[in-house]
Structures are given as C-alpha cells and as structure tokens.
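Commentary on secondary and tertiary structure
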Amino acid sequence: MTTTDNVPDAAAIEAALLDLLEGRTKTKLDRDQELFSSGLVSSMFAMELIVHLEQNYGISITGPDLKLDNFQTVAKMTDLVLRLRDDSTADSGA
C-alpha cells in the first residue's frame, strides 16, 4: 500500500524489505525477526541494505544512524526509513 502521493507507507516498506530479504535468505521471515544475530544475513550485507534503503526511499543514512541496531529487523529498518524520510521532509520545509 502507498499513500495518495505515491510515497510508500510503513506496510509497503515492510513488505518490500521482507520480499528482498526472503529472496536473499530463501527463508520465510517476519518483521521482528533478528536478522544478523540469527545468522540469516552477514554484516557485509548491511552495506547492501544501506544502499538499497537510500536508493529506494530517497534517504541518506549517515553518522549515528549507521549502527547495526537500526538494521537488526525489518521493523527497525522500516522505522529508520520513516524517521529519516520525515526528517528530510521537515528539513526541506515540505
């Protein structure tokens, strides 16, 4: 699902991330499943996730947001995207 201005909402972001991760791990996942500590994905894959999130959601993940905790679960990544997108909108005055 997306909002009226074609910006993905939380459910759409989660669904897209689950699709990406399930394709990569060949494992059925849920939004709160620990990805790195369970061994499903490697820390090397974290860089791919960062690039994916930045390119697909028009955000920039820098500084204090570049911590593994923000990428442990699909729910945490979704929260990060929404927060950074909202911060970006607020900064631009939109």
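Scope of this entry: the structure provided in the associated data block. (Residues numbered from 1 in each chain as written. Predicted model: local features only at pLDDT ≥ 70, side-chain atom pairs only at ≥ 80, totals over all residues. Heavy atoms only, no water.)

A separate point is helix H2 (residues 43-57). Here H2 spans 21 Å end to end across 15 residues, near enough to the 21 Å set by a 1.5 Å rise per residue. By the burial criterion, the buried members of H2 are Phe45, Ala46, Leu49, Ile50, His52, Leu53 and Tyr57. Gly58 occupies a position one or two residues after H2 and carries a positive phi of about 60°. (Helix = DSSP H or I, 4+ residues; strand = E, 2+ residues; numbered from the N terminus. Expected span 1.5 Å × (residues − 1). Buried < 20%, exposed > 50% of the residue type's maximum accessible area, 1.4 Å probe, protein only.)

Where helix H1 (residues 10-25) contacts H2, the axes come no closer than 13 Å and their chain directions differ by 145°. Seen from above, H1 lies across H2 with right-handed handedness. Packed against H1, whose contacting residues are Ile13, Ala16, Leu17, Leu20, Leu21 and Arg24, the element H2 presents Phe45, Glu48, Leu49, His52, Leu53 and Tyr57 at the interface. Tallied by class, residues from the contact of H1 with H2 come to 9 nonpolar, 1 polar and 2 charged. (Axes fitted to C-alpha atoms, helices over the stretch in contact; angles between N-to-C directions. Left-handed = near helix turned anticlockwise from the far one by under 90°. Contact = heavy atoms within 4.5 Å. Nonpolar A, V, L, I, M, F, W, Y, C, P; charged D, E, K, R; others polar.)

The subject of this paragraph is the nonpolar core. Counting residues in each nonpolar core, the largest one holds 22 residues, and the members touching the most others are Leu21, Leu35, Phe36, Leu53, Ile61, Phe71 and Met77. Of all the elements in the fold, those that place two or more residues in this core are H1, H2 and helix H3 (74-92). Residues within four places of Met77 in sequence aside, it is in contact with Leu17, Leu21, Leu35, Leu49, Leu53, Asn70 and Phe71. (Core = buried A, V, L, I, M, F, W, Y, C linked by side-chain atoms within 4.5 Å.)

In this section: the pattern of salt bridges. Counting across every chain of the model gives 7 salt bridges. Here Arg31 ties to Glu14 by a salt bridge, and the two come within 2.8 Å at their closest N and O atoms. Residue Arg31 is found in the loop between H1 and H2, and its partner Glu14 is found in helix H1; the two are separated by 17 residues along the sequence. In this structure Arg31 comes out as partly exposed when scored by relative accessible area, which is 34%. (Salt bridge = Lys/Arg side-chain N within 4 Å of Asp/Glu carboxyl O.)

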